[in-house]
Amino acid sequence: MFELVQKNILITGSNGQLGNEIKRIAALHENNFQFFFTDVAELDITDQQAIEDFIRENNIKYIVNCAAYTAVDKAEDDVALCYRINRDAVANLGAAATNNGAKIIHISTDYVYDGTASRPYTETDAVNPQSIYGKSKQEGEAALKKACPDSIIIRTAWLYSIFGNNFVKTMIKYGKERDTLNVVADQTGTPTNAADLANAIIKILDYSEANSFKPGIFHYSNEGVTTWYDFTLAIHKNAGITNCTVNPITTDQYPTKATRPKYSVLDKAKIRNTFNITIPRWEDSLNICIKELLSI
Ligand SMILES: NC(=O)C1=CN([C@@H]2O[C@H](COP(=O)(O)OP(=O)(O)OC[C@H]3O[C@@H](n4cnc5c(N)ncnc54)[C@H](O)[C@@H]3O)[C@@H](O)[C@H]2O)C=CC1
């Protein structure tokens, strides 16, 4: 008789934007997968022994690492902790996965690039991070590949969600409170609705079960290109905010501790073609998120 074997999946950092979005859709996939949702209180990824024990005791087959140190500017001063979470803990996860025959899907960032390109980055382009956060994530990728060659690394960008704090929520808040707002117009990239990335991750898990695990680096953001300024205009339009004038400014006019890439559009042909994933445009996904935010 055919026996359905559920595969156990550990989601780390599940109280964050991406982790919460995976939680939301997990129920639809419980026939194939049993999810173990954890965050730092239940499972601190810097605790190597705890990670080893958890993976072994729960017979984990896949780890989706959504845990990270994500405070980009704060990281410039909080260097040791940033590296502990974004590099050393990722190496530990990799070692624990290898020791226990598990596979990893790890999330990385467009900040591994220096942003000097003038065409979309492909996964084979040289990395050259310009911030502590970017460096820590890039070194995390390298440490993971060494500790667990059977890993998928997804570089994403400009993540937002109905959960947590993010640019979309902040611009809605400021748009309601202020008459004018200055937003950087010379940084180009693509926003990513974390719900879309969560769907892509589930699709990769399904694919891995049905076919084979395809290790490597992959890009994922929504489709299209924008700047923070144009993104803000779209946010306000979708949210029905009409009383706030948004002024375009340059990066020099808005200094931040951490250097951001000027250009970080990601080429996504590899993830689309490998896993047969359809990627929504950023305008459509923004519309969906804001509709949901306004209904809460
Ligand atoms: N937010 C963004 O704009 C972007 C994020 N990314 C990457 O995407 C991934 C997901 O990001 P978000 O969901 O936005 O992050 P988030 O900041 O919303 O969530 C991160 C989660 O990790 C948890 N965490 C931190 N330290 C931990 C530890 N030692 N043990 C266990 N959990 C710990 C936090 O409690 C939090 O719930 C991260 O790898 C991030 O670097 C990549 C590009 C852009």
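Residues numbered from 1 in each chain as written. Predicted model: local features only at pLDDT ≥ 70, side-chain atom pairs only at ≥ 80, totals over all residues.

Per an unreviewed UniProt entry, the chain is named dTDP-4-dehydrorhamnose reductase, and its organism is Dysgonomonas termitidis. Taken from UniProt, the Pathway (unreviewed entry) comment for the chain reads in full: "Carbohydrate biosynthesis; dTDP-L-rhamnose biosynthesis." (UniProt positions renumbered as here; feature names shortened; annotations may be inferred.)

To continue, consider the pairing of strand 3 (residues 60-65). Counted residue by residue, strand 3 has 6 buried out of 6 residues, so it is predominantly covered. Note that strand 1 (residues 7-12) and strand 3 share 5 bridges and pair parallel. Paired with I9 across the two strands is Y62, which belongs to strand 3. Across 4 bridges, the pairing between strand 3 and strand 4 (residues 103-109) is parallel. If you follow N65 over to strand 4, its bridge partner there is H106. Taken together, strand 3, helix 3 (residues 79-100) and strand 4 constitute a β-α-β crossover, and its handedness is right-handed. (Buried ≥ 20, exposed ≤ 12 C-beta atoms within 10 Å, placed from the backbone. Helix = DSSP H or I, 4+ residues; strand = E, 2+ residues; numbered from the N terminus. Pairing = 2+ DSSP bridges. Right-handed = clockwise from strand over helix to strand, strands pointing away.)

UniProt tags residues 8-293 as "domain: RmlD-like substrate binding" (unreviewed entry). Annotated as 41% helix and 18% strand, the span residues 8-293 places its first and last C-alpha atoms 32 Å apart.

Lining the immediate environment of the ligand, one finds 25 residues, of which G13, G16, A67, A68 and L159 sit closest. Only helix 1 (17-26), helix 3 and strand 4 provide two or more residues apiece to the shell around the ligand. For the shell around the ligand, the class distribution of residues is 12 nonpolar, 10 polar and 3 charged. (Near = placed C-beta within 6 Å. Nonpolar A, V, L, I, M, F, W, Y, C, P; charged D, E, K, R; others polar.)

Another point: the pairing of strand 4. Judged by how many residues are buried, strand 4 sits mostly within the fold: 6 of 7 residues are covered. Where strand 4 meets strand 5 (residues 151-156), 6 bridges bridge the pair, whose relative direction is parallel. What sits directly across from T109, in strand 5, is T156. Read from strand 4 through helix 4 (residues 132-147) to strand 5, the crossover connection turns out right-handed.

Although it is not a glycine, N59 sits at a positive phi angle of roughly 50 degrees. Within the fold, N59 resides in the loop between helix 2 (48-57) and strand 3. When the 12 C-beta atoms within 10 Å are taken as the criterion, N59 is described as exposed. With a phi close to 45 degrees, W158 is a non-glycine residue in the positive phi region. Residue placement: W158 occurs in the loop between strand 5 and strand 6 (159-160). Looking at W158, the number of C-beta atoms within 10 Å reads 23, which means it is buried.

The biggest cluster of nonpolar side chains holds 76 residues, and the ones touching the most others in it are I63, V64, L93 and I201. Tallying contributions element by element places helix 6 (residues 194-210) first for this core, with 8 residues. Non-local contacts of I201, meaning those with residues more than four positions away in its chain, are made with I22, V64 and I105. (Core = buried A, V, L, I, M, F, W, Y, C linked by C-beta atoms within 7 Å. Contact = placed C-beta atoms within 7 Å.)

This part covers the sheet that holds strand 1. Within the open sheet, the 6 strands sit side by side as 2-1-3-4-5-10. Their pairing is parallel. The outermost strands of the open sheet, each flanked by one partner alone, are strand 2 (33-37) and strand 10 (216-219). Here the strands of the sheet are splayed against their neighbours by 20 degrees on average, with no regard to which way each runs. (Axes fitted to C-alpha atoms, helices over the stretch in contact; angles between N-to-C directions.)

At a closest axis distance of 9 Å, the pairing of helix 2 and helix 3 adopts a crossing angle of 35 degrees. Helix-helix and strand crossings are classified by hand; for helix 2 and helix 3 the assignment is right-handed. Note on element contacts: helix 3 touches helix 2 through N92, L93, A96, A97, N99 and N100, opposite Q48, I51, E52, I55 and R56. When grouped by side-chain class, the residues that make up the contact of helix 2 with helix 3 number 5 nonpolar, 4 polar and 2 charged. (Left-handed = near helix turned anticlockwise from the far one by under 90°.)

So, on to helix 3. End to end, helix 3 covers 31 Å across 22 residues, agreeing with the expected 32 Å (1.5 Å per residue, within 8%). Remark: the principal bend of helix 3, roughly 35 degrees, maps to I85. Those residues of helix 3 lying buried are C82, I85, N86, R87, A89, V90, N92, L93, G94, A96 and A97. Of the surrounding elements, those touching the buried residues of helix 3 are helix 2, strand 3, strand 4, helix 4 and strand 5. Immediately beyond the C-terminal end of helix 3, within one or two residues, lies G101, with a positive phi of roughly 70 degrees. (Expected span 1.5 Å × (residues − 1). Bend = angle between axes of the 7 residues up to and from the residue.)

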